[in-house]
Amino acid sequence: MKNQHRNISAAAVVAASILSVASLQAATFVISSNSTTAQTLGSGSGQTGTVNSGASLTVSGSTVAITVTGNNASITNNGTISQTGTGRAIDLNTASVTMAITNNAGALIQSADADTVRANKASDNVTVDNYGSIISLNASAGGAQALDFAGITTGTNTITNYSTGLLKATAADAVRPGVNGTIINNGSILAAPIVDTTVTTQIAATSSDGIDAQTNTGVQVTNNNGGTISGRHGITGGASTDTVNSFTITVTNNAGGTITGVNGSGINIDNFSAAAASSSATVTNYGTITGNYDSAHYDVGDGDGVDVDGITTLYNHGIIRGLAANGAGSDGLTNHPEGISIGGGTIVNYSGAEITGGALDGTGIEGHGILVDNSSNGNAFAATSITNSGLIRGTTGYAIQMVSTFDNTVTNNAGGTIRGAGDAGTVGAAIQTGDGNDTLSNAGTITGDNGKAIAMQGGNDTLTVTGGSITGDIDGGTGTNTATFNPGTGNTFSYAGAISNFSSVDISSGNVILSGASTYSGNTTVSGTLSVTNTTGSATGSGNVIVNSTGTLKGTGDIAGNVSVASGGTIAPGLSPGTLNIDGNLSIVDGSHFAFELGTTSDLLNIGGALNFTGGGTALFDILNNGLTSGSDYTLMNYSSVSGLALSNLAFGSTPSGFAGQFTIGASSLTLHVDAVPEPSRALLGGLGLAVLTLRRRRKARLLAKA
């Protein structure tokens, strides 16, 4: 037994020696009980470090709690890793090293006054899976992040924060990814700003952002259901100097996800001018993105929902709000909360989605829906296309403003609402398209709360209205501008505002009702139906009105210019019945059509100028019985003079059965004398007599057949 025991002991010694050598090479460690000894995953490959549940690794002073220098290292934390002094909790400062960190639910990695986890070399590769808490207390407010991978430029960096995970920093950014970094968040990423004591001219927040990409391009952030990203800005970054050529970032905020700027923007991308035109951000939102101003702690803040100094592609299915702002920006201009502020690109706001700027109760500084400029009220970096099927609103300011010489497009689909109050509530329109050759199409609702709906400003602009409603004036601006109203056959579009500065207006189809006093000088071409019901001014500005072969001009309003009616075109004064006024001349030809309702009350056409008939043939008059009386005279038209018109040029179209009448062309009026109108009683007796005669003939025929 002694020999056997001696042999076993010798074997154990050999085995222990082998394990000891292996341990020195691999530097693997397991913390099973509380320890204050700093650890290193050394130069070998595949080293692992584990802190068990209930155990802690606590290191003080400036020493790093866990230093990683070996490749393919992995750290699994089920307990606590804490650096209570000025050192980092985990630090990777060796090039071309791959490191994986798993921080499990209930576990804590924390630093008191330095980055909690850092990877600092360009070629490092880092993966973090966080189910627990990674926290930077940042006691001296020195800019210590929870995760700092900003030094990675050629390696890979992936962060997954699960539903139980918390990544948090006080007075610093919570997360700084490297170039092409990937962040997937299902939990909380939180940066808590404090008053920035280095700023003496105002009370400002520290640059403490949920995620700060800095100048690292290619970062991709996905915020999932239940995920929250919050900080001064929720997400920020950008080409912060002109030496950086371009910057790109992609953010996807899924349904149930929230991105919040507590004293800044939900998403804020700052680019200097030389880099902005080649920089871009892609944002897809199904959740909620908000920017705000914290008036309880600061006196300056710019709370936009999404603010990108560059080209932006934004697809919004959720809510984007810029709620409040105060003070002035670095350019000296007053801060305003915008739902979205970009330098150009594409915005698609889907049905049920919302883009709002300003406090929802209408208080506070003027808020705007969408601003397109160079970030300082200068020319944008690229053309912009906005397509809306949801809500775009400036609660106390404009809904859309483009400071741009590019050719921009705004499309407001059926069901979409664009609403605003211009600049400072009184100046400017709800939609301001800029100085390019812009296009605006509307089938939804556009409302100018200050009475001004659309200002197309400079350039040769095109307005197309296919339906919906527009409340407030429409101004085409300078240039050669065209407006087309095309609601479609059988549909009606009503507009009560004033139309100005258009070179042409087309009524293409449907029934368009204009009841405002317009001032545009271009011609109005009518191929559908134009009903004018204005009580002041001219419904069609100062230009001429051309009624095409398929067109109808009707109503009780006033037209300042000349009117011409093509063959097949119709003028129908009144709206059952009423008087239509044409201040200029009326020119008609063979096949021009008129429709008059005559009787107890009658239609009337007043022509301030001349009535002119050109060529041969006849103009046709439809007569509708509104209590016609035989032997009575009815004035159809008043005019200052008449030319080219003879009685042979006048004929009846559709008339009541039994009607007979004759025209008289006077020096200043065209009248109709009614010779015969069937009386209702006689018509009834005539019908009964015809029925009796028919019955007698049928009875006689049956008798002859029997014979």
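Colleague: What should I look at first to understand the overall build of the protein in this one?
Modeller: When helices and strands are counted, the protein shows three helices and 70 strands. Its C-alpha atoms give the protein a radius of gyration of 39 Å, clearly above 27 Å, the size a compact globule of 707 residues would have. Projected onto its principal axes, the C-alpha coordinates of the protein cover approximately 150 × 80 × 40 Å. Looking at the protein residue by residue over its 707 residues, the buried ones come to 50%. Taking as baseline every contact in the protein between residues at least 6 positions apart, the subset at least 24 positions apart corresponds to 63%.

Colleague: Just checking my understanding: could you explain the sheet that holds strand β65 (residues 619-626) for this structure?
Modeller: Two orientations exist for strands paired in a sheet by backbone hydrogen bonds: parallel and antiparallel. Taken together, the eight strands give an open sheet; going across it, the order is β49-β52-β54-β56-β59-β62-β65-β68, and neighbouring strands pair in parallel fashion. Each edge of the open sheet carries a strand with a single partner, namely β49 (492-495) and β68 (650-652). Mean inter-strand twist for the sheet, computed between neighbouring axes without regard to direction, equals 20°. Taken together, the seven bridges between strand β62 (residues 593-599) and β65 define a ladder with parallel strand orientation. Within β65, the position partnered with E597 by the bridge is L624.

Colleague: It is not clear to me how the sheet that holds strand β66 (residues 633-638) should be interpreted in this structure. Could you clarify?
Modeller: Pairing in this open sheet of six strands is mixed, and the strands run β57-β60-β63-β66-β70-β69 from one edge to the other. The open sheet is flanked by β57 (558-559) and β69 (660-665), the only strands paired with a single partner. Direction of pairing for β69 relative to strand β70 (residues 669-676): antiparallel, over a ladder of six bridges. When the sheet's bridge partners are listed, Q662 is paired in β70 with H673.

Colleague: So what exactly am I meant to see when it comes to the pattern of salt bridges here?
Modeller: A side chain of one charge can pair with a side chain of the opposite charge if their charged atoms are brought near each other. Under the counting rule described, the total for this entry stands at six salt bridges. Among the ionic pairs, R419 bridges to D449, the shortest N-O distance being 2.9 Å. Linking R419 in strand β42 (residues 417-420) with D449 in strand β45 (residues 445-455), this pair joins segments that are 30 residues apart in sequence.

Colleague: Got a minute to help me understand the environment of S43 in this structure?
Modeller: Note on placement: S43 falls in the loop between β2 (39-41) and β3 (48-51). Between the C-alpha atoms of S43 and G332, which are 289 residues apart in sequence, the distance is 53 Å. Not counting residues within four places of it along the chain, the set of residues in contact with S43 comprises T69 and G70.

Colleague: Explain the packing of aromatic side chains here, please?
Modeller: Ring pairs (aromatic) are described by centroid distance and by the angle formed between their planes. Tallied over the entire structure, the rule returns eight aromatic pairs. Arranged with centres 4.0 Å apart and planes meeting at 5°, the rings of Y131 and Y162 form a pair that is stacked. You can see Y131 sitting in the loop between β12 (125-130) and β13 (133-136) and its partner Y162 sitting in the loop between β15 (157-161) and β16 (166-170), a full 31 residues away along the chain. Take Y131: its relative accessible area is 28%, and that puts it in the partly exposed class. Measuring from ring centre to ring centre gives 6.4 Å for F594 and F596, while their planes differ by 25°; the resulting arrangement is stacked.

Colleague: How do you make sense of unusual backbone geometry when you look at a structure like this?
Modeller: Across residues other than glycine, the phi torsion is negative in most instances, and most of the peptide bonds are trans. Located in the positive-phi region is Q214, a residue other than glycine, with phi close to 50°. Even without glycine at this site, N501 takes up a positive phi of about 60°. The topology assignment puts N501 in the loop between β50 (499-500) and β51 (504-507).

Colleague: So what exactly am I meant to see when it comes to the nonpolar core here?
Modeller: If you look at soluble globular proteins, the nonpolar side chains tend to sit buried side by side. Counting 130 residues, the largest nonpolar core has L586 and M637 as the members making the most contacts within it. Excluding anything up to four places from it in sequence, L586 contacts V563, V565, I571, F594, L605, I607, A610, L611 and N612.

Colleague: Hey, could you run me through the pairing of strand β44 (residues 439-442) in this one?
Modeller: Side chains on a regular strand alternate between the two faces of the sheet. Side chains L440 and N442 of β44 all project onto a buried face; the interleaved residues T439 and S441 project onto a face where none is buried. As judged from the four bridges shared by strand β41 (residues 409-412) and β44, these two strands associate in the parallel manner. Across the sheet, residue T411 finds its bridge partner in β44, namely S441. Across four bridges, β44 lies against strand β46 (residues 462-465) in parallel orientation. Along β46, the bridge assignment pairs L440 with L463.

Colleague: Whenever I open this one, the side chain of D558 confuses me. Can you help?
Modeller: Tracing the sequence through the fold places D558 in strand β57. K554 is the oppositely charged side chain nearest to the buried, salt-bridge-free D558, at an N-O distance of 18 Å. The residues contacting D558, other than those within four sequence positions of it, are N534, G537, S538, A539, N581 and D583.

Colleague: What is the right way to look at the environment of D196 in this model?
Modeller: Structurally, the position occupied by D196 is in the loop between β19 (188-192) and β20 (211-212). With sequence-adjacent residues up to four places away left out, D196 is seen in contact with A204, A205 and T206. A distance of 2.5 Å separates a polar atom in the side chain of D196 from a polar atom in the side chain of T198.

Colleague: What is the right way to look at the confidence of the model for the protein in this model?
Modeller: Close inspection of predicted coordinates is inappropriate in any region flagged by low pLDDT. Here the protein averages 91 in pLDDT, while 91% of its residues score no lower than 70. Predicted confidence for residues 1-26 stays below pLDDT 50, and this span has four contacts to residues more than four positions away or in other chains. When the criterion is pLDDT under 50, residues 681-707 qualifies, and its contacts beyond four places in sequence or with other chains add up to zero contacts.

Colleague: Is there a simple way to think about the environment of T524 in this case?
Modeller: When you line up the elements, T524 lands in strand β53 (residues 523-526). Overall, the relative accessible area of 0% leaves T524 in the buried class. Put simply, T524 and Y495 are 29 residues apart on the chain and 15 Å apart in space, counted from C-alpha to C-alpha. Other than its neighbours up to four places away in sequence, T524 contacts V505, I507, L530, T540, N544, V545 and I546. Here Y520 takes part through its side chain, which lies 2.6 Å from a polar atom of the side chain of T524.

The rules we used
- Residues numbered from 1 in each chain as written.
- Predicted model: local features only at pLDDT ≥ 70, side-chain atom pairs only at ≥ 80, totals over all residues.
- Heavy atoms only, no water.
- Helix = DSSP H or I, 4+ residues; strand = E, 2+ residues; numbered from the N terminus.
- Rg over C-alpha atoms; globule rule 2.2 N^0.38 Å.
- Buried < 20%, exposed > 50% of the residue type's maximum accessible area, 1.4 Å probe, protein only.
- Contact = heavy atoms within 4.5 Å.
- Pairing = 2+ DSSP bridges.
- Axes fitted to C-alpha atoms, helices over the stretch in contact; angles between N-to-C directions.
- Salt bridge = Lys/Arg side-chain N within 4 Å of Asp/Glu carboxyl O.
- Phe/Tyr/Trp six-rings, centres within 6.5 Å; stacked < 30°, edge-to-face > 60°.
- Core = buried A, V, L, I, M, F, W, Y, C linked by side-chain atoms within 4.5 Å.
- Lys, Arg positive; Asp, Glu negative; His and termini not counted.
- Polar contact = N/O pair within 3.5 Å; in protein donor to acceptor, adjacent residues only side chain to side chain.
- pLDDT = per-residue confidence, 0-100.

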